[in-house]
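# Survey of secondary and tertiary structure
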Amino acid sequence: MITVKKFGGTSVGSVEALKRAANIILAGKDSTVVVVSAMSGITNFLVGAMDDSTAVDSEVFDKFEARHMEVAKALFKGERMEKFRKDFDVRFEAFKKVYSSRNNQDDPYFKDNISSQGERFSSLVLAHLLCDMGADSVALTSEEAGVYAVGKPLSGSCDLYKTAMGMDINVKPLLARGCIPIITGFYGVNESGKPLTFGRGGSDYAAAAVGNALDADCVEIWTDVNGFMSADPRIVPDAISIDEMNFSEAAELAYFGAKVLHPKTIEPARAKQITVKILNSFHPDHPGTTIRSLRKRSGSLVKSVTMKNDLSVITIRSGELAYNPSMVARIVDNLGRHDVSVYGISTSLSTLAFIIQNGDVPRIIGELKLMRDEPIEGIDIKSNVALICVVGDDLLDKCGFSGDIFGAVKEANANVEMISEGASDVSLNFVVPAESATDVIKILHKKFVKKVDA
Ligand code: ADP
Ligand code: ASP
Ligand code: MG
């Protein structure tokens, strides 16, 4: 049996957190592979430094070193500290060298390299801590472990086939001798041997990909809340944790804004039917959430509500749309060619509306305007909208359910701008103005997330 345990930033972000994580790892009975995020705040710090033209290199290095050495000094003494410092210095020198070249860089993957540096150091601290506690453990970068990635800068995907070979060569022999490998999350190595990140929050996905590549039995995501909850607890403080979900429910919620899981996490796990658990490293005894293909019914009408902000609805008007079917295909193809993710789409006789991220709007409007051969009569943009995603048991089979939901939205004084119902059998999605989104979440949670007789 192999279990992959992933620890997020807050779960390795302090001396106490690291000790808790180490105890959780050592309590496991299976062969264990660990995937770690950077210590909390480190990735933001690196991204901020890169974007700040006034940032002084030596100050960046001092701060980076101080944060890691502070925890190391509290954890390690004597020989252990010497060994740690030696390993730390090798990685730190490599980091300083690459960071110092930031002003004369034309490498499109440079930001991936810098933003993923934190993982190289958190993994080192955790591996040394486990060794200090008597375990056999080794820190592996994604390069050393053989985690491979493909795709564009800052939005890579894992090459599962090559990663499986990497695991066979570099990780399985360690497991066979009882060693606990601690692998850097967040990135893999691309075809040119350069770090390529999986998007912010990508260590969850890295863990699921490693789980897939190892044919693991379980992937545990250790974070700072009691599992997947009925809403973001920062918006709804009395949100409840969900004991079981299926892969589709978790994937929809993650894609539509539940930050607790990176949107791509579920696919590598679902592909091999690997159970995913979301657990609280601050309360390891809490059962958290189990995600697998089969689950028992929750007994609650709505299981969870999420919102995704920073979106726009683009509406294309043309009297030809209904009579010229290939026109829709050409427009959608244009979005695909420019790597624009579409979060929802809807058509009528003479309009085609789709939801995209605010940041993609200028680029895509430019491209649509270049489609001069198409009989487009006008393009409307509604910016700053939010997509609400409601997930529940057999939602769409419940007669009148959408009416109840939209009735509640009206109570929040919000206008529904666009609806996507029926495309997925587990969720109902609709768009509201961004400023109403949290009120809508609160009211939906209050009215529909409750225990009912199953
Ligand atoms: P980590 O550093 O462990 O990866 P993240 O900050 O990425 O942790 O994700 C955990 C956070 O996700 C929680 O602290 C919580 O604020 C937020 N969150 C948003 N939606 C949900 C949800 N539906 N259930 C649980 N947590 C959620
Ligand atoms: N450290 C990375 C980030 O902050 C990856 C992760 O935490 O999952 O985005
Ligand atoms: Mg995360």
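Right above here is the structure, for reference.
So, how was this worked out
- Residues numbered from 1 in each chain as written.
- Chains lettered and ligands numbered in written order.
- Predicted model: local features only at pLDDT ≥ 70, side-chain atom pairs only at ≥ 80, totals over all residues.
- Heavy atoms only, no water.
- Near = heavy atom within 4 Å.
- Polar contact = N/O pair within 3.5 Å; in protein donor to acceptor, adjacent residues only side chain to side chain.
- Nonpolar A, V, L, I, M, F, W, Y, C, P; charged D, E, K, R; others polar.
- Helix = DSSP H or I, 4+ residues; strand = E, 2+ residues; numbered from the N terminus.
- Buried < 20%, exposed > 50% of the residue type's maximum accessible area, 1.4 Å probe, protein only.
- Lys, Arg positive; Asp, Glu negative; His and termini not counted.
- Salt bridge = Lys/Arg side-chain N within 4 Å of Asp/Glu carboxyl O.
- Contact = heavy atoms within 4.5 Å.
- Pairing = 2+ DSSP bridges.
- Right-handed = clockwise from strand over helix to strand, strands pointing away.
- Phe/Tyr/Trp six-rings, centres within 6.5 Å; stacked < 30°, edge-to-face > 60°.

### Points about the site of ligand 2
- Around ligand 2 lies a shell formed by S37, A38, T43, E119, F186, R200, G201, G202 and S203.
- One nitrogen or oxygen atom from the side chain of S37 is found 3.2 Å from an oxygen atom belonging to ligand 2.
- Tallied by class, the residues present in the shell around ligand 2 amount to 2 nonpolar, 5 polar and 2 charged.

### Observations regarding the side chain of D112
- Along the chain, D112 turns up in helix α5 (residues 110-115).
- Buried within the structure, D112 lacks any salt-bridge partner; K111 is the closest side chain of opposite charge, at an N-O distance of 9.2 Å.
- For D112, the side chain forms a polar contact with the main-chain nitrogen of L154, separated by 2.8 Å.
- Polar side-chain contacts of D112 include one of 2.7 Å to the side chain of T197.
- Setting aside its immediate chain neighbours within four residues, D112 contacts P153, L154, P195, L196 and T197.

### Details of the environment of A139
- Relative to the assigned elements, A139 resides in strand β3 (residues 137-140).
- The spacing of A139 and Q117 is 22 residues in sequence and 14 Å in space, taken between C-alpha atoms.
- Setting aside anything within four residues of it in sequence, one finds A139 in contact with R91, S123, L124, A127, E144 and I182.

### Observations concerning the pattern of salt bridges
- Across all of its chains, the model carries 26 salt bridges by this definition.
- Residues R337 and D333 are paired through a salt bridge, measuring 3.1 Å at the closest nitrogen-oxygen approach. Here D333 and R337 lie together in helix α12 (residues 325-337), a separation of 4 residues that amounts to about one turn.
- By relative accessible area, R337 is classed as exposed at 54%.
- Overlapping salt bridges bring together E65, R85 and D89 as one network.

### Side note on the pairing of strand β1 (residues 2-7)
- The buried fraction of β1 amounts to 6 of the 6 residues, a majority that puts the element mostly inside the structure.
- Side-chain alternation along β1 places I2, V4 and K6 on one buried face and T3, K5 and F7 on a second face that is also buried.
- Where β1 lies against strand β2 (residues 31-36), 6 bridges are found, and the strand directions are parallel. Bridge pairing in β2 places I2 opposite S31.
- In this fold, β1 hands off to helix α1 (residues 15-27), which returns the chain to β2; that crossover is right-handed.

### So, the side chain of T184
- The topology assignment puts T184 in strand β6 (residues 180-184).
- Of note is the side chain of T184, whose polar atom sits 2.8 Å from the backbone nitrogen of S142.
- Aside from chain neighbours lying at most four places away, what touches T184 is V35, V36, E119, R120, S123, L140, T141 and S142.

### Remarks on the packing of aromatic side chains
- Throughout the structure, instances matching the rule amount to 21 aromatic pairs.
- Geometrically, the ring pair formed by F95 and F121 is edge-to-face, given 6.5 Å between the ring centres and 70° between the ring planes. Highlighted residues: F95 in helix α4 (residues 78-100) and F121 in helix α6 (residues 117-132), separated in sequence by 26 residues. Of the two residues examined, F95 and F121, each falls in the buried class.
- Ring pairing ties together the aromatic residues F61, F64, F76, F84, F88, F92, F95, Y99 and F121, which thus form one cluster.

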